[in-house]
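Listed below are the residues making up each chain.
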Amino acid sequence: MILVTGGAGFIGSNFIHLWCRERHEPVLNLDALTYAGNPDNLEALPAGNRHRFVRGDIRDAGMLQALLAEHRPRAVVHFAAHTHVDRAIAGPDSFIDTNVLGTQRLLESCRQYWLGTDAASRRGFRFLHVSTDEVYGSLSAHAQPWTEASPLAPHNPYAASKAAADHLVQAYHHTYGLPTLITRCGNNYGPRQFPEKLIPLVIVRRLAGTPIPVYGDGGQQRDWIHVEDHCQALLRVLDQGRPGESYHVAGHAETDNLGLIRQLSALLDARRPDAPVMRIRHVADRPAHDRRYALDTGKIERELGWRPRIGLDAGLAATIDWYLGNPDWLSRVTSGAYREWVASHYGDLSA
Ligand code: NAD
Ligand code: TYD
């Protein structure tokens, strides 16, 4: 069986849905259910032993050791993290706690467990750490995309915490021989993404008729990938990746934020001609806002034969359809604490 951390969040839950569709091997899902972890994301998964959910925190070493000893996974896929840059800027502590200390506790618990397995299990074991392009910092408009050999140069506390975790994963490989893998992916979108991130935020605010907050001039560039393509890449790396290596994953869909918002809005208007008109508000820029992220994906394409399949327009259209088709999911996640975050972070945008 495999152990997935953070499997009630956006990418982790999409990964578990894909796993259960394509594989018969059981998956154990460990998630603390923070505001971003949502049991609704696990609906419609097969009942019984193929997917089991355990509520727990990756910082809890005793719980981790007991869980590993009981279930004896052959691999760990590590998604659990605090992930929203704006929240990291507002309060970095929980990002260091979970992303750095939590990752180290998980690595150490895995190392202890792995040492106690037989030689064949030790060779076959994999620790796949799911990371991000944000660890590299910011690229200028015409610079070449980063390769896996580019230096890590994070600019905000979220990116710094992920870079620290990446270094720890590499250190556990070099020092102890733990068979680790790292993936670094661009911006994901798709079903079940919490609407604090740009794409679902735009969908929610377009439907409500509230203004869309654009940081600075909106010219920042991101490379967007549908979450299904990312999860397919993770399967490929888990199956065929070389221990100790890292792999880039990206959708080859670079666009600036204003262009993306307009593309998304046009797709929404085509589906909901009665939706309120789009209103954009340029607001103060995010501190340390990275201008551009772009990844060279030659390594995973050459070595593992992975390529993204879902184009940006089709992927955005399918994402809008998912949100329109799941109003209950949306209304549950946009209640209470979500409204408080939006009010405290954006203030009143109606003026
Ligand atoms: P998310 O915020 O939607 O989900 C994170 C999950 O981790 C939640 O279910 C949460 O409950 C859980 N969690 C948080 N702290 C925990 C703890 N201490 N113990 C156990 N569980 C805990 O995040 P996401 O967008 O699905 O991202 C998943 C991973 O992928 C993260 O590591 C992130 O850095 C990485 N990543 C995300 C993107 C993206 O665009 N979203 C891109 C590249 C990499
Ligand atoms: P986000 O979805 O937070 O992802 P990341 O910071 O990991 O790239 O943001 C994507 C881009 O959209 C980023 O350049 C910041 C910008 N953005 C806004 O302009 N307004 C917003 O309200 C949000 C949430 C993001």
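Residues numbered from 1 in each chain as written. Chains lettered and ligands numbered in written order. Predicted model: local features only at pLDDT ≥ 70, side-chain atom pairs only at ≥ 80, totals over all residues. Heavy atoms only, no water.

Trainee: Looking at this model, I keep getting lost on the packing of helix α1 (residues 10–22) against helix α8 (residues 227–240). Mind explaining?
Mentor: Geometry of a packed helix pair, given as the angle between the helix axes and the separation of the axes. Running from N to C, α1 and α8 point in directions that differ by 65 degrees, and their axes come no closer than 9 Å. By crossing handedness, the relation of α1 to α8 is classed as right-handed. Two secondary-structure elements touch here, α1 through Phe10, Ile11, Asn14, Phe15, Leu18, Trp19, Arg21 and Glu22 and α8 through Val227, Glu228, His230, Cys231, Gln232, Leu234, Leu235 and Leu238. For the contact of α1 with α8, the class distribution of residues is 10 nonpolar, three polar and three charged. (Axes fitted to C-alpha atoms, helices over the stretch in contact; angles between N-to-C directions. Helix = DSSP H or I, 4+ residues; strand = E, 2+ residues; numbered from the N terminus. Left-handed = near helix turned anticlockwise from the far one by under 90°. Contact = heavy atoms within 4.5 Å. Nonpolar A, V, L, I, M, F, W, Y, C, P; charged D, E, K, R; others polar.)

Trainee: I keep staring at helix α2 (residues 61–71) and nothing clicks. Help me out?
Mentor: Residues three or four positions apart in an α-helix share a direction because the helix packs 3.6 residues into each turn. Among all positions of α2, only Met63, Leu64, Leu67, Leu68 and His71 are buried. Across the axial projection of α2, the buried residues extend over an arc of 125 degrees, all falling on one side. Turning to α2, the residues buried within the fold contact β1 (2–5), β2 (27–31), β3 (51–55) and α4 (93–115). Note on α2: the residue one or two positions beyond its end, arginine 72, has a positive phi of about 50 degrees. (Buried < 20%, exposed > 50% of the residue type's maximum accessible area, 1.4 Å probe, protein only. Arc of directions from axis to C-beta.)

Trainee: Please explain the site of ligand 1 as it appears in this structure.
Mentor: Residues in contact with ligand 1 amount to 29 residues; listed here are only the nearest, Ile11, Asp31, Thr83, Tyr158 and Lys162. Within the side chain of lysine 162, one N or O atom sits 2.7 Å away from an oxygen atom of ligand 1. In isolation ligand 1 exposes 830 Å². Once the protein is present, 96% of that is buried. Elements supplying a minimum of two residues to the shell around ligand 1: α1, β5 (126–132), α6 (157–176) and β7 (187–189). Looking at the shell around ligand 1 element by element, the count peaks at three residues for β5. For the shell around ligand 1, the residue count by class is 13 nonpolar, 13 polar and three charged. (Near = heavy atom within 4 Å. Polar contact = N/O pair within 3.5 Å; in protein donor to acceptor, adjacent residues only side chain to side chain. Areas by Shrake-Rupley, 256 points an atom, 1.4 Å probe, with all protein chains shown as cover.)

Trainee: Explain the layout of surface pockets here, please?
Mentor: If you roll a probe as big as a water molecule over the atoms, it shows you where there is empty space left. As a volume, the second largest pocket reaches approximately 420 Å³. Surrounding the second largest pocket, 18 residues form its lining, Val204, Arg205, Ala208, Thr210 and Tyr338 being those nearest its centre. When residues of the lining of the second largest pocket are assigned to their parent elements, the largest contribution, five residues, is made by helix α13 (residues 336–346). In terms of residue class, the lining of the second largest pocket is made up of 12 nonpolar, three polar and three charged. (1 Å grid on protein atoms, 1.4 Å probe; cavity = no way out; pocket = protein on both sides within 12 Å on 5 of 7 lines; lining within 4 Å. Points joined across faces, edges and corners; volume = space filled by probe spheres on them.)

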